[in-house]
Amino acid sequence: MDTIQVTLPDGAKQEVARGTTSADVARKISHGLAREALVAQADGELVDLSRPLERDTALKILTSKDPEALQVFRHSAAHLLAAAVLELFPDVKLGIGPPIDTGFFYEFLREQPFTPEDLARIETKMHELAAQNLPNERKLLPKAEAVELYRQWNQGFKCELVEEKALEPMVSFYTTGKFIDFCRGPHIPATGRIRAFKLMNVAGAYWKGQEGNPQMQRIYGACFFTQPELDEYLHRLEEAKRRDHRRLGAELDLFSVQEAAGPGLIFWHPKGGLVRKIMEDWSRDEHLRRGYNLVFTPHIMLLDLWNTSGHTNFYRENMFGAVEVEKADYQLKPMNCPGHILIYKSRLRSYRELPIRLAELGTVYRYERSGVLHGLLRVRGFTQDDAHIFCMREQLEAEVQGCVDFALAVMKTFGFSSFEVELSARDPQHPEHYAGTVEEWEHAEGALTRTLDRMGIPYKHMPGEAVFYGPKIDMKLLDAIGRPWQLSTVQFDFNLPRRFGLEYVGEDGARHQPVMVHRALWGSVERFFGVLIEHYAGAFPLWLAPVQVAVLPVSGKFSEYAKQVTAELAAAGLRAQLDDRNEKLQAKIRDAEMQKIPYMAVVGGKEAEAQTVSVRHHGKGDLGPRPLAEFLADLRVQVESRAIS
Ligand SMILES: [Zn+2]
Ligand SMILES: [Zn+2]
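Rules used in this analysis
Residues numbered from 1 in each chain as written. Chains lettered and ligands numbered in written order. Predicted model: local features only at pLDDT ≥ 70, side-chain atom pairs only at ≥ 80, totals over all residues. Heavy atoms only, no water. Donors = N, O, S within 2.8 Å, 3.2 Å for Na, K, Ca; no water. Helix = DSSP H or I, 4+ residues; strand = E, 2+ residues; numbered from the N terminus. Buried < 20%, exposed > 50% of the residue type's maximum accessible area, 1.4 Å probe, protein only. Axes fitted to C-alpha atoms, helices over the stretch in contact; angles between N-to-C directions. Parallel < 35°, antiparallel > 145°, perpendicular 65-115°, else oblique. Contact = heavy atoms within 4.5 Å. Nonpolar A, V, L, I, M, F, W, Y, C, P; charged D, E, K, R; others polar. Pairing = 2+ DSSP bridges. Phe/Tyr/Trp six-rings, centres within 6.5 Å; stacked < 30°, edge-to-face > 60°. Lys NZ or Arg CZ within 6 Å of the ring centre and 35° of its normal.

## Section: the coordination of the zinc ion (ligand 2)
Now for step 1: Coordination of the zinc ion (ligand 2) by the protein involves Cys 337 (SG), His 388 (NE2) and His 518 (ND1), with metal-donor separations of 2.0 to 2.4 Å.
Now for step 2: Of note, the zinc ion (ligand 2) draws all its donor residues from one chain, in the sequence arrangement C-x50-H-x129-H. You can see Cys 337 sitting in helix 12 (residues 337–344) and its partner His 518 sitting in strand 28 (residues 515–524), a full 181 residues away along the chain. Here Cys 337 matches His 518 in class, with each residue buried.

Dropping the structure here:
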């Protein structure tokens, strides 16, 4: 017999007849594996279980325990969607249908838009077809026949794809029910296993992503191996909706974007403004404590400055247009760096002054297309917690450590416990793509890696991801529901010191060029505020809350004592709000809960007599009566220690 050798992941070897399929091998191993098998990995390549093995092969049978099988699974779900749509809407024209991060989509050309009712019908049909356990069958056709097949079926986009993409004379197809796809595969054997999915939405997309091409309708679905995984994903989506900072921003009266002023420009309302003041106070104090100097620079400066910095070359499309004043062009600043450089350059610097750390809550304006603007997260005007460090090479490592340590302090103070770090390095194959010498890059990348290693911070090394002017580290913090947010950046710059001819006089009396580091911790006040709102779902910890205590008299009879309590809280530096409306206590409590005020102090006859308050905590409910003085002292400790809960 003509045999081949199959090597399994545990090293076991099997002699099998040439042409045996992975499904046959799975059956030999166990019935359980045969039942669970989705796809095979033959010499590292994903293939259908039904594909005959023609030579000695290292084989792994993948099941729903193997994440590598998930993309194949989702791709098969996309085919199931197309099959269902063809049953219900036989005249649609088929586009493409790949797996994506959380599921799949398939795109169709159809005159009428798909409605939510259509999606529900399609989803039901998908479940029907899944229950029939239709096989996903692979076929090979000569290219010309393949084109002819789609031509007769009047599927122009598919003809186009076969003509462009089929490189070999034989073309592979997969059929699922009435659906025939020009597709490389692989796929899972049949539709029966696809149960945990949900159609999410329809979005328009140009054919092949090119403007002017026909507008396809993409039906998106979420899809996982199991129902609990799908449920968890849908729950996370719900949570994200509940935490949406745009909705909470309006409900809690924190900020707005005004049509009358233009998109992407933020109005901070009194309560948001108060949180911002607390954030900024902390930031400025902490900068001073860490040896930074606070500076302020103009919002508009001569356009020529931006020619010197090079921004008009590589950053122009993100800049607002220039403004002419007395025959000179001025530019609204998209970045703070040139301003800080001008302060550095305002006189000759000595090595004794270095490092110089200039920090500014610097407001910048960047042109972002209106389509990408998003609440506080993508805006056109924002205030960076920006700093630029000018130092000598031998000071670099300590400065990087200082920046990372500061970033960690931000996370801890504002209540984030986990984060991820990425180190973007140059592509060593292409030194010509970068400003600065190979030696400078090695030194800077070395300073970054050594610092992270020494501090015991794990990071992802990303060669080729650096921008042209220097390596950087990015820190992404993870919020309460595990979403990553890119905030802090420590970025080297070998470009600007050269363009601006920055110098210092060294110990040797000669002129040297300082190293420059750009650094932002929050990224911007707006963005960080948006992240805080979502992280806390609007229920800020006491020290950040715009209103810390709602004082709630049980009736008008006790308004005198309620006023006294409010005044004493205020005198202790706490932000208290008296609710003396003529409303039922339950309504007042409900409103304070809706406003996510951390504490409620309920006062009536008993409390007035005993000089106590009945304390309620947002989310924790009734905490019982406390002497007023004790309650006050307790809150002060929480505020001063910036306690998180
Ligand atoms: Zn496909
Ligand atoms: Zn900068």
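Resuming the write-up.
## Some words on the packing of helix 5 (residues 143–152) against helix 6 (residues 156–165)
Two quantities define a packed helix pair, namely the angle between the axes and the distance from one axis to the other.
Now for step 1: Packing of helix 5 against helix 6 brings their axes to within 8 Å, and their N-to-C directions diverge by 170 degrees. One element, helix 5, and the other, helix 6, form an angle in the roughly antiparallel class. Residues Lys 143, Ala 146, Val 147, Tyr 150 and Arg 151 of helix 5 touch helix 6, and the partners they reach there are Lys 158, Cys 159, Val 162 and Glu 163.
Now for step 2: Residue composition of the contact of helix 5 with helix 6, by class: 5 nonpolar, no polar and 4 charged.

## A short note on the pairing of strand 21 (residues 381–391)
Now for step 1: With 11 of its 11 residues buried, strand 21 lies for the most part within the structure.
Now for step 2: Pairing analysis gives 10 bridges linking strand 20 (residues 356–365) to strand 21, with the strands arranged antiparallel. Residue pairing across strands places Gly 362 opposite Gln 384, the latter belonging to strand 21.
Now for step 3: Relative to strand 28, strand 21 is paired through 7 bridges, and the arrangement is antiparallel. By the bridge assignment, Ile 389 is partnered in strand 28 with Val 517.

## Describing the sheet that holds strand 21
Now for step 1: As summarised here, the arrangement of the 8 strands in space is 16-20-21-28-25-24-22-23, forming an open sheet in which the pairing is mixed. Unpaired on one side and paired on the other, strand 16 (293–294) and strand 23 (460–463) mark the two borders of the sheet.
Now for step 2: Sheet topology note: the strand 22 (residues 418–425)/strand 24 (residues 472–478) ladder contains 7 bridges and is antiparallel. Note that in strand 24 the partner of Val 421 across the bridge is Met 475.

## Describing the sheet that holds strand 19 (residues 328–332)
Now for step 1: Across the sheet, 3 strands lie side by side as 17-19-18; this open sheet has antiparallel pairing. In this open sheet, the two strands that pair with only one neighbour each are strand 17 (300–302) and strand 18 (323–325). Sheet twist, expressed as the mean angle between neighbouring strand axes with direction ignored, is 40 degrees.
Now for step 2: Of the pairings in the sheet, the one linking strand 17 to strand 19 comprises 3 bridges and is antiparallel in character. Among the inter-strand pairings, Ile 300 is bridged to a residue of strand 19, identified as Leu 332.

## Let's talk about the environment of Asp 24
Now for step 1: Following the sequence through the fold, Asp 24 ends up in helix 1 (residues 22–29).
Now for step 2: Put simply, Asp 24 and Leu 49 are 25 residues apart on the chain and 8.4 Å apart in space, counted from C-alpha to C-alpha.

## Focus on the packing of aromatic side chains
Now for step 1: Inspection of every chain in the model, using the stated rule, returns 31 aromatic pairs.
Now for step 2: A ring pair is formed by Phe 314 and Tyr 315, whose centres lie 6.4 Å apart and whose planes are at 70 degrees; its orientation type is edge-to-face.
Now for step 3: Since its relative accessible area comes to 14%, Tyr 315 is described here as buried.
Now for step 4: A cation sits over an aromatic face here: Arg 290 above Phe 406, 4.5 Å from the ring centre.
Now for step 5: Here the guanidinium or amino end of Arg 642 rests over the ring plane of Trp 543, the centre of that ring lying 5.5 Å away.

## A look at the coordination of the zinc ion (ligand 1)
Now for step 1: Coordination of the zinc ion (ligand 1) by the protein involves His 75 (NE2), His 79 (NE2) and Cys 183 (SG), with metal-donor separations of 2.1 to 2.5 Å.
Now for step 2: Expressed as a motif, the donor residue spacing for the zinc ion (ligand 1) is H-x3-H-x103-C. Of this pair, His 79 sits in helix 3 (residues 68–88) while Cys 183 sits in the loop between strand 11 (179–182) and strand 12 (197–206); the two residues are 104 residues apart in sequence, bridging distant segments of the chain.

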